[in-house]
Amino acid sequence: MKKPRHKTRSIWIDIIFSSTIILLTVAAILLTLSPNKNQTASTPIEKEHPVVDSIETEVIDSNYPGIKIVTKTSNDKKAPFAIQYPQSTIDSFNERVLNYVTNVQEEYMETMKNKSLLDENTKGELNISYETLTHSSGNYSFVLVNNSNFSDSTKGTTEIRTFHLNPETGDSYSIADLLEGDIDRLRQLSAWVLAEIQTDEALTKHLHLEQLEQYTEPNWGNFQYYAVTDDSLIFYFDENTIADDSVGPIIISLSMNKSANLLLDTFKPKSVESSKDDSSLEKEEDSTTENTESEDAIEVEDSEESTETITDGKKVALTFDDGPDPKVTRQIVEILEKHNAKATFFMLGSRVEYYPEIAKEVFDAGHEVANHTWNHADLTKLTPERMAKEINETTAIIEQVTGAEVTAYRPPYGAVNEKVRKHLSLPTVLWDVDTRDWEHRNSQKMIQNIKQNTKDGSIILMHDIHQSTADGLDAALTYLESEGYQFVTVSELLSNP
Ligand code: ZN
């Protein structure tokens, strides 16, 4: 199977190579003959890169009262972007957020301009998205993730910035406000964060030991990017500061049990055993009865879950793409086994050919092995013949290795169109929960994403080629179980929705 493929490929390379030479020669002759050289040279560039790029701005309500989501997109061919940020009724907050976003955008355009001078074919991509983390005091933490990529560099950059607002009061707490400016509490916090970093196994190999102390020493600037929820106090450190850039920005989470004592009263959890009456009094003073009701509802739900077996039949399909991987896939299979969970693995034919025994192990453990093309091709860009080849050869090798029929495929990048659908008989499986694990490579972000977006019938997209995905999976499954979810394969989910 391997040999003919290589042979075909080298013939193609020969053909492409010789036709390129012919084309270049013809072009050179034409160019010398042309009376107006400049015009001839500039026309193709203009065609490819229209002068006017269309920037669209959309403002919609978010799920959080008082907060709108602004989305600004440009589909410029060379320098596209998609920027999303929160907007409130508080001017000072809006100004801070807009300042940041505008700076990032301008910097990106400037970088693109400079890069185009060196190579006009350079392409870029900028994405800013955000998450809203809430605290029962009414304070929101907005976590903006800014990710940019350029075609001339192999690695993109990711930056996390946080903004804080209580949309009702207009308050915005800094980390110094949270700790009431107390340097002793800051020292304690710094020690805990440092310990947390040093004991994180996923980080050990990547730490910049010389710089670790500098970036965690007790000064307010080191801890300025934070988020606070009822469960945890979270800190964000820039990539390439305390660890090398292969791990991206570092997210360190301290549980509220630990850190509550350091915080301003507003952020202390209402202690259940000791002062229930006091806290409910406090609540009634400054908030509506609506809040108290919703808290009661949550308590009821909690006790139901702990006493009864779950019978509501909520289902979720876990999917893992781009494997098999010699390091990560087996870990994932093990964690799934621990939770008695069945999942679907969308594998690449080329990797199945390389690691047939891993593909077989996945199948033997009861999981569904499905088709993700041979080489991670964008099917919409292929001729019908190449498309069929990408799919059919992958199906063939999976069936050969597992001995079972392939029943689903997932197009790389989720790229499908009518042409693709018409040519393929297998059902196309996309997803509704995108953990973006490939982008942030951060277990906690993955878990948070799953917590925020999973609903009954969801299909969750993950990748069994990143260590961070394996690292976060156990906690993610524990959470989903506690929410009453059952784990099924995609085909099961689609046949009994
Ligand atoms: Zn993929």
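Nothing here was measured: the structure is a model prediction, and the numbers come from that model.

**A few points about the coordination of the zinc ion**
- Distances from the zinc ion to its protein donors, namely Asp322 (OD), His372 (NE2) and His376 (NE2), fall within the range 2.1 Å.
- All donors of the zinc ion belong to a single chain; written as a sequence motif, their spacing is D-x49-H-x3-H. Taken together, the residues aspartate 322 in the loop between strand E10 (314-321) and helix H11 (329-338) and histidine 376 in the loop between strand E12 (368-371) and helix H14 (384-402) connect sequence positions 54 residues apart.
- The buried category is assigned to aspartate 322, whose relative accessible area is 13%.

**Describing the nonpolar core**
- Within the largest apolar cluster, 43 residues are counted, with the highest numbers of intra-cluster contacts made by Leu318, Phe320, Leu336 and Phe345.
- Residues in contact with leucine 318, not counting those within four places in the same chain, are Leu336, Ala341, Ala343, Thr344, Ile460, Met462, Leu477, Leu480, Phe487 and Val488.
- In terms of nonpolar packing, the next biggest core, distinct from the first, is built from 30 residues, Leu203, Ile242, Leu262 and Leu263 among them.

**Considerations on the pairing of strand E8 (residues 232-237)**
- For E8, the buried fraction is high: six of the six residues fall into the buried class.
- Linking strand E7 (residues 226-228) to E8, which pair antiparallel, is a turn of three residues.
- By the bridge criterion, six bridges tie E8 to strand E9 (residues 250-255) in an arrangement that is antiparallel. Paired with leucine 233 across the two strands is leucine 254, which belongs to E9.

**Here's the deal with the packing of H11 against helix H18 (residues 467-482)**
- One way to put it is that H11 packs onto H18 with a least axis distance of 9 Å and a crossing angle of 5 degrees. The angle between H11 and H18 falls in the class roughly parallel. For the pair H11 and H18, contact is made by Gln331, Ile332, Ile335, Leu336 and Lys338 and by Gln467, Thr469, Ala470, Leu473, Asp474 and Leu477, respectively.
- Class assignment for the residues of the contact of H11 with H18 results in six nonpolar, three polar and two charged.

**Digging into the sheet that holds strand E6 (residues 157-165)**
- Here six strands make up an open sheet; going across it, the order is E1-E2-E3-E4-E5-E6 and the pairing mixed. Each having just a single partner strand, strand E1 (55-61) and E6 make up the two edges of the open sheet. The mean angle between the axes of side-by-side strands here comes to 20 degrees, regardless of whether they run parallel or antiparallel.
- Both strand E4 (residues 124-134) and strand E5 (residues 140-150) contribute to a ladder of 11 bridges, which runs antiparallel. Paired with leucine 126 across the strands is serine 148, a residue of E5.
- Helix H17 (residues 443-453) rests against E4 and E5 of the sheet, and its axis sits at about 65 degrees to E4.

**Notes on the pairing of strand E3 (residues 81-87)**
- Bridge count between strand E2 (residues 68-74) and E3: seven bridges; the pairing is antiparallel. Bridge pairing in E3 links isoleucine 69 to proline 86.
- Taking the residues between adjacent antiparallel strands as the criterion, E2 and E3 are bridged by six residues.
- Bridge analysis of E3 against E4 gives three bridges, and the strand direction is parallel. If you follow phenylalanine 81 over to E4, its bridge partner there is leucine 126.
- Handedness of the crossover joining E3 and E4 through helix H3 (residues 91-118) is recorded here as left-handed.

Parameters and conventions
Residues numbered from 1 in each chain as written. Predicted model: local features only at pLDDT ≥ 70, side-chain atom pairs only at ≥ 80, totals over all residues. Heavy atoms only, no water. Donors = N, O, S within 2.8 Å, 3.2 Å for Na, K, Ca; no water. Helix = DSSP H or I, 4+ residues; strand = E, 2+ residues; numbered from the N terminus. Buried < 20%, exposed > 50% of the residue type's maximum accessible area, 1.4 Å probe, protein only. Core = buried A, V, L, I, M, F, W, Y, C linked by side-chain atoms within 4.5 Å. Contact = heavy atoms within 4.5 Å. Pairing = 2+ DSSP bridges. Axes fitted to C-alpha atoms, helices over the stretch in contact; angles between N-to-C directions. Parallel < 35°, antiparallel > 145°, perpendicular 65-115°, else oblique. Nonpolar A, V, L, I, M, F, W, Y, C, P; charged D, E, K, R; others polar. Right-handed = clockwise from strand over helix to strand, strands pointing away.

Honestly, that's just the spatial picture; any functional story needs more than this.
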